[in-house]
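Observations on the model geometry
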Amino acid sequence: MAVDDPSEALKALRSTMESVEAVLDLNTMRAEAAKLEEEAVSPSLWDEPERAQQVTSRLSLLQGQLRKVEELDGRIDDLEVLFELAESESDEEARHEAEAELVAVKAAVDELEVRTLLSGEYDEREALVSIRAEAGGVDAADFAEQLQRMYLRWAERRGYPTQILDTSYAEEAGIKSTTFTIRAPYAYGTLSVEQGTHRMVRISPYDNQGRRQTSFAGVEVLPVVEQTDHIEVPENEIRVDVFRSSGPGGQSVNTTDSAVRITHLPTGITVSCQNEKSQIQNRAAAMRVLQARLLARQREEEQARMDALKGDGGNSWGNQMRSYVLQPYQMVKDLRTEHEVGNPQAVLDGDIDDFLEAGIRWRKRQGK
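Residues numbered from 1 in each chain as written. Predicted model: local features only at pLDDT ≥ 70, side-chain atom pairs only at ≥ 80, totals over all residues. Heavy atoms only, no water.

Observations regarding the packing of helix 1 (residues 6-24) against helix 4 (residues 92-115)
Following both chains from N to C, one finds helix 1 and helix 4 inclined at 20 degrees, their axes separated by 10 Å at the closest point. Judged on the interaxial angle alone, helix 4 and helix 1 are roughly parallel. As helix 1 packs across helix 4, the resulting crossing turns out to be left-handed. Of helix 4, the residues touching helix 1 (which contributes Pro 6, Ala 9, Leu 10, Leu 13, Thr 16, Met 17 and Val 20) are Arg 95, Leu 102, Val 105, Lys 106, Val 109, Leu 112 and Glu 113. Of the residues in the contact of helix 1 with helix 4, the class split is 10 nonpolar, one polar and three charged. (Axes fitted to C-alpha atoms, helices over the stretch in contact; angles between N-to-C directions. Helix = DSSP H or I, 4+ residues; strand = E, 2+ residues; numbered from the N terminus. Parallel < 35°, antiparallel > 145°, perpendicular 65-115°, else oblique. Left-handed = near helix turned anticlockwise from the far one by under 90°. Contact = heavy atoms within 4.5 Å. Nonpolar A, V, L, I, M, F, W, Y, C, P; charged D, E, K, R; others polar.)

Here we look at the sheet that holds strand 9 (residues 320-325)
Taking strand neighbours across the sheet as the criterion, the eight strands line up as 2-3-1-5-4-9-10-11 in an open arrangement whose pairing is mixed. Of all strands in the sheet, those with a lone pairing partner are strand 2 (162-169) and strand 11 (340-341), marking the two edges. In this structure, strand 9 lies alongside strand 10 (residues 331-334), joined through four bridges in antiparallel fashion. Residue pairing in the sheet places Val 325 in a bridge with Met 331 of strand 10. (Pairing = 2+ DSSP bridges.)

So, the pairing of strand 7 (residues 259-264)
Counted residue by residue, strand 7 has five buried out of six residues, so it is predominantly covered. Relative to strand 7, strand 6 (residues 238-243) runs antiparallel, the two being bridged by six bridges. Within strand 7, the position partnered with Asp 241 by the bridge is Arg 261. Note that strand 7 and strand 8 (residues 269-273) share five bridges and pair antiparallel. Pairing of Thr 263 across the sheet is with Thr 270, part of strand 8. The loop that links strand 7 with its antiparallel partner strand 8 comprises four residues; one of these, Gly 268, has a positive phi angle of about 80 degrees. (Buried < 20%, exposed > 50% of the residue type's maximum accessible area, 1.4 Å probe, protein only.)

Focus on unusual backbone geometry
With an omega of 10 degrees, the peptide bond between Gln 327 and Pro 328 qualifies as cis. Structurally, Pro 328 can be placed in the loop between strand 9 and strand 10. Phi is positive for Tyr 186, close to 70 degrees, though the residue is something other than glycine. On the basis of relative accessibility, which here comes to 5%, the residue Tyr 186 falls in the buried class. Positive phi, normally seen in glycine, also occurs at Glu 338, with a value near 70 degrees. With respect to the helices, strands and loops of the structure, Glu 338 is situated in the loop between strand 10 and strand 11. Taking relative accessible area as the criterion, Glu 338 reaches 48% and is therefore assigned partly exposed.

Description of the nonpolar core
One finds Leu 147, Tyr 151, Leu 191, Leu 290 and Tyr 324 to be the most contacted residues of the largest nonpolar core, which totals 60 residues. Looking at this core, the element that brings in the most residues is helix 7 (residues 279-302), giving nine residues. Ignoring anything within four residues of it in the chain, the contact list for Leu 191 reads Ala 127, Val 129, Tyr 151, Trp 154, Ile 182, Val 221 and Leu 356. Judged by nonpolar contacts, the second largest core, of 26 residues, contains Met 29, Ala 52, Leu 59 and Leu 102. (Core = buried A, V, L, I, M, F, W, Y, C linked by side-chain atoms within 4.5 Å.)

Regarding the side chain of Arg 363
Residue position: Arg 363 is located in helix 10 (residues 353-365). Within the buried set, Arg 363 has no salt-bridge partner at all; the shortest N-O distance to an opposite charge, 4.3 Å, is to Asp 123. (Lys, Arg positive; Asp, Glu negative; His and termini not counted. Salt bridge = Lys/Arg side-chain N within 4 Å of Asp/Glu carboxyl O.)

So this is what it looks like as structure tokens:
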């Protein structure tokens, strides 16, 4: 990207960083980190495991944020030197390298700026994502699988670890539902704007007459439950069923009954996990999913403001929020923010950062 006036671009970056640092309040962050460091080295800290987890998690988050700010400030300073050297030596190659670095730094600064907008109670958490096929038959099942791949590819591009907890395959193609975690700070706050009903329009590859088909898939995003959440689930309030894990086409992928389904009797919430190797591991993973859903339900009942947890508009499983049109034209459009792009394949391949940023900024403007 050619830059007409590097000094103006650098000035804009510094201005944005000043605003970000003012919002973050770096002095307060450093003071809190120093206090937590002292607490972390205390031999008695692990006498209280819950407090220890709070201290170490918060300290790691603060240290990571401070490092990120310092790194970006340093890269902006280095950029100024790079442009000056390229200019003084009339070095076109060095100029191109500086311009490429400017693009990368601007993207990182923009990302950090958006993160300062994530101030909800659970925004710092990892994300638990569930997707299910809705109306549209086999096309909906195929679309649900494409959405799963989209989010997993997005996480892969960023180096975020993921774990698939459960996948229910459809008979002909695609999936009926899936649940997976994305383990990164602020994954919940970032992805929570994805919650709702996604719609795809295309010529169906499963229709022998080649007709256009509209299909729907629902996305639910919850914060991963931590030990400090105190979500108690008495044994007498759940029913645990075990079954064999299944793969595409209904084929069995395990010779033992290792998959686990847990039903919470008071609420009727049902979760399952079949991707771990043992029944014990699957049960533990399913319990974490159940606790996350109970946490969401509890907060909704306690506070009217839980739109911030469950996404826009409460029960957003029924709220259409994005359209993916493959025929008769190519477009992906967010129905809340009006953000749109003309390359659906790139979006379905995980290029969703612009949609996430637009969604986060839109939610902030709505005061949610």
